[in-house]
Amino acid sequence: MEIKPILSALSRNKTGALLIALQIALTMTIIVNSVFMIQQRQGQMERESGIDEKNTFLFSYMGFADDFNEKTRIVEDLDYIRKMPGIVAAVQTNSAPLTGGGWSMGLARETGPDADGVGTAIYFVDEQGVDAFGVKLLAGRNFTADEIIWRERTSNDWPGQGVVTKALASDLFDGDWQAALGKTVYINETQPINIIGIVEKMQAPWNGWRGVERTLLVPNRTLFGGGRIMVRTEPGERDRLMKEVEEQLFANYKGRLIRNVRSMEEIRTESYQAHNGMNTILKVLIVCLTVVTALGIIGLASFSVNRRKKQIGTRRALGARKKDILRYFMLENFLITSVGVVVGAAMTIGLNMVLVDMLNLPKIDWYYIPAGMLLLWFIGQLAVFGPAKKACQISPALATRSV
Amino acid sequence: MLKMNNIRKVFRTEVVETHALRDFSLQVNEGEFVAVTGPSGSGKTTFLNIAGLLETITAGEYFLDGVDVKDLNDNQRSKLRNEKIGFIFQSFNLIPDLNLFDNVDVPLRYRSMNAKERKERIENALDIVGLANRMKHIPAQLSGGQQQRVAIARALAGSPRFLLADEPTGNLDSAMAESVMELLEDINSKGTTIIMVTHDPKLALRAPRSIAVKDGKVSEVSRVESPVEMPLHEPALA
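Residues numbered from 1 in each chain as written. Chains lettered and ligands numbered in written order. Predicted model: local features only at pLDDT ≥ 70, side-chain atom pairs only at ≥ 80, totals over all residues. Heavy atoms only, no water.

**Quick look at the overall build of chain A**
Okay, so step 1: Per the secondary structure count, chain A includes eleven helices and twelve strands.
Okay, so step 2: Across its three principal directions, the C-alpha atoms of chain A cover 100 × 50 × 35 Å.
Okay, so step 3: Within the span of chain A, comprising 403 residues, buried residues form 52% of the whole.
Okay, so step 4: If you take every contact in chain A between residues at least 6 apart in sequence, the share linking residues at least 24 apart comes to 83%.
Okay, so step 5: Here chain A displays about 18,600 Å² of accessible surface, and carbon together with sulfur accounts for 57% of that area. (Helix = DSSP H or I, 4+ residues; strand = E, 2+ residues; numbered from the N terminus. Buried < 20%, exposed > 50% of the residue type's maximum accessible area, 1.4 Å probe, protein only. Contact = heavy atoms within 4.5 Å. Areas by Shrake-Rupley, 256 points an atom, 1.4 Å probe, with all protein chains shown as cover.)

**Quick look at unusual backbone geometry**
Okay, so step 1: Backbone geometry places A:Asn188, a non-glycine residue, at a positive phi of 55°.
Okay, so step 2: For A:Asn188, the position within the fold is in the loop between strand E8 (184-187) and strand E9 (191-199).
Okay, so step 3: For A:Asn188, a relative accessible area of 31% corresponds to the partly exposed category.
Okay, so step 4: One non-glycine residue, B:Asp23, lies in positive phi territory at about 45°.
Okay, so step 5: Tracing the sequence through the fold places B:Asp23 in strand E2 (residues 17-28).

**What about the interface of chain A and chain B?**
Okay, so step 1: Contacts between the two partners involve 26 residues from chain A and, on the opposite side, 26 residues from chain B.
Okay, so step 2: For the pairing of chain A and chain B, the buried interface totals around 2,400 Å² over both sides, and the portion due to carbon and sulfur atoms is 52%.
Okay, so step 3: For the chain A face of the interface with chain B, the top three residues by lost area are A:Arg12, A:Leu318 and A:Thr400, together amounting to 26%.
Okay, so step 4: Our enumeration of links across chain A and chain B arrives at three salt bridges.
Okay, so step 5: Between B:Asp102 and A:Lys4 there is a salt bridge, with the nearest N and O atoms lying 3.3 Å from each other.
Okay, so step 6: Linking chain A with chain B are twelve residue pairs in polar contact (both at pLDDT 80 or more).
Okay, so step 7: Secondary structure elements with two or more residues in the side of chain A that touches chain B: helix H1 (3-12), helix H9 (309-317) and helix H10 (322-359) of chain A. (Buried area = accessible area lost by both parts, 1.4 Å probe. Salt bridge = Lys/Arg side-chain N within 4 Å of Asp/Glu carboxyl O. Polar contact = N/O pair within 3.5 Å; in protein donor to acceptor, adjacent residues only side chain to side chain.)

**Let's talk about H1(A)**
Okay, so step 1: Three or more residues of H1(A) are buried, namely A:Pro5, A:Ile6, A:Ser8, A:Ala9 and A:Leu10.
Okay, so step 2: As for H1(A), its buried residues are in contact with helix H2 (14-45) and H10 of chain A together with helix H3 (100-109) of chain B.

**Concerning the packing of aromatic side chains**
Okay, so step 1: Per the counting criterion, the structure on display carries 15 aromatic pairs over all chains.
Okay, so step 2: Ring centres 5.2 Å apart and planes at 85° place the aromatic pair A:Phe36 and A:Tyr368 in the edge-to-face group. Of this pair, A:Phe36 sits in helix H2 while A:Tyr368 is found in helix H11 (residues 368-392), placing the two residues 332 residues apart along the sequence.
Okay, so step 3: On the basis of relative accessibility, which here comes to 1%, the residue A:Phe36 falls in the buried class.
Okay, so step 4: Looking at A:Tyr368, the relative accessible area reads 12%, which means it is buried.
Okay, so step 5: Ring plane angle 25° and centroid distance 5.2 Å describe the contact between A:Tyr367 and A:Tyr368, whose orientation is recorded as stacked.
Okay, so step 6: The lysine or arginine in question, B:Lys136, covers the ring of B:Phe101, its NZ or CZ lying 5.4 Å from the ring centre. (Phe/Tyr/Trp six-rings, centres within 6.5 Å; stacked < 30°, edge-to-face > 60°. Lys NZ or Arg CZ within 6 Å of the ring centre and 35° of its normal.)

Below is the structure:
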């Protein structure tokens, strides 16, 4: 191996090689952190919300007519929807996973302002809530119809029962989610809620929230002048029923608006639009940086080959085979890239520390670093192959020419 | 040792065909010192390139040390060049970024030779040319004559059967040229065959055998029983 003479030659022509090494280091830093961020976002996007997204849709209503009686309207609308063929369940609710807006409160095992609380999202539902969202009840029971309480906008009272997600139960009871069943927790510092059921999974409305898996269902129907209704259908019936429900409800009563009739799949897509957009930008950035770096390597190698034509001819005259010349340039690039990726590894960790500090991102997994190094080595070798192949074609007779 | 029969070399482009060598025949025996002379464009360098396996022939036969080189592939030609031929170029062709040790090491690296043996050969070769104490210097730190000595050391390090020298003193002043010629004569006296291309008739007279090339053919062969001791610089007037 010609490592020593190559290093010796590079040390006498540092500038170009150092600039390329620096470019490689920067590329690695940005690419590795970008890939990590993409993976993080992709992981978030692939999380299940816990509800039956394929067969559910959500819409909003808002009363505006003088004769609009919200309580009567909710009861009649829900009765009508629930009787429609193909409907599994329907529920009035304040929000749904992935919608981006909803309620949150703190829950604690003790009363009083100093008690350690756990933040949770809150969904107001009735006895069909569990079925309408399509969540799986792991333990305990669902609400009964006589437990449902009408709630005014200004009310601060909370019903005495609640159904929690496994994640919330686990956070409240030190990892032992089963211990939560039948226990009393406190909301608003003093108001007790008895945990009557535990569901496997149901996300909060905010996809970027760290406590996204912590959710509390309470037996309330709201009288806020408007609200949302979640409808779950038989498989394959959703799209038909989305239209029919909207048309029939409007036909039944024209004194309220029905808006934003959207499937949960549409809501998911909208919810992660920013994530998708950022991922696309990062992917474009990665491709651009990779191309620019590869072009830089090709440029330096081509310049190097052109500058050393006579030298290559001399080496060939002295007995170098074509593959020896190829190996020389590949090895030279490998050494330059190695400097780049070693510096890049340190810079990658440094940038990640800044991102952890500033953007609250998790620490990068260790294996991203060697993977990034391998990628940059591969890009380097791929980029230099063309100029190196060209160098192989230089005739040994060039050694005796005056060029 | 080197035998060429009716060698032809034609360079072709889309519009022109150049006959660089025509029916060129030559035999060089082991231990000879042959000077090849001729005017510019006569085919001297083409002959040297073909003799050194740097270029292929268009027609004819060429045997190098008994090996018919016509059908050898690129790798075989490279191997033969590396093992049997040492080159000395007019402009030295040293690698400017490498020190003298690494420069002399270049052809040895293309052989399966361990580091210890290479080191011994490099030190010995640099010792022969009188530059053993400067092996960490780079070529730019040496005079032209010293650089050519390094090139000779590089050629000698591989213990070649042949030395092919292309105008070895062409870029040197007369004093340095004299010392390089003395070195070549010394090397020849120890048994290495030397073919030296030159356009300088005085240099050619230093060789026991001289051939003149004209229009791609051997036009004249002269033999000197005992070579002329001719200084390369004009004697000062008294």
